[in-house]
Amino acid sequence: MAQDFRDIIAWQKARSLTLLIYEALENCKDYSYKDQVQRASVSIMNNIAEGSERISDKSFNNYLRIARGSSAEIKSMLILGFDRAYFDEESFNKLFAHTNEVASILSGFMKKLMAKG
């Protein structure tokens with residue numbers, strides 16, 4: 001594939017999600033929760049970036065699949081965070097919707113890569 005990962009819309013959206021998560025959890029005192037959600041969001045960005053440097057679309061798709069899994073982890077963690085009152089409803093809905101958007105973009109990107117191969 002070998003394209004600049006910064007040009008990939010999925011990476012741009014994942015970056016935006018990561019920044020939103022960092023902002024939303026800035027004052028969270030549950031450090032293990034905070035760390036887990038932040039690492040999952042960074043994982044999406046990094047897997048897209050790493051996969052973009054792979055030689056084959058099949059290999060890149062593997063990294064996108066891992067990134068998609070991290071988006072599911074974030075959604076699960078957001079639900080837990082809402083249950084624990086780490087987010088108000090508006091913040092939760094914003095983060096959950098953004099995570100769904102990232103997951104959807106990743107799914108579409110994966111389908112596009114597989115159709116090429």
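Our structure's up above, just so we're on the same page.
Residues numbered from 1 in each chain as written. Predicted model: local features only at pLDDT ≥ 70, side-chain atom pairs only at ≥ 80, totals over all residues. Heavy atoms only, no water.

Describing the packing of aromatic side chains
Evaluation of the coordinates by the stated rule reveals five aromatic pairs. With a centroid separation of 5.4 Å and 35 degrees between ring planes, the pair formed by Phe 92 and Phe 96 is classed as tilted. On the criterion of helical spacing, the pair formed by Phe 92 and Phe 96 is a turn pair, its members being four residues apart in helix H4 (residues 89-116). For Phe 92, a relative accessible area of 13% puts it in the buried group. For Phe 96, a relative accessible area of 22% translates into the label partly exposed. An aromatic cluster is present here, built from Phe 82, Phe 92 and Phe 96 joined pairwise through their rings. (Phe/Tyr/Trp six-rings, centres within 6.5 Å; stacked < 30°, edge-to-face > 60°. Helix = DSSP H or I, 4+ residues; strand = E, 2+ residues; numbered from the N terminus. Buried < 20%, exposed > 50% of the residue type's maximum accessible area, 1.4 Å probe, protein only.)

Some thoughts on the environment of Ile 8
Relative to the assigned elements, Ile 8 resides in the segment before helix H1 (9-24). Excluding anything up to four places from it in sequence, Ile 8 contacts Gln 3, Ile 48, Ser 52, Phe 60 and Phe 109. (Contact = heavy atoms within 4.5 Å.)

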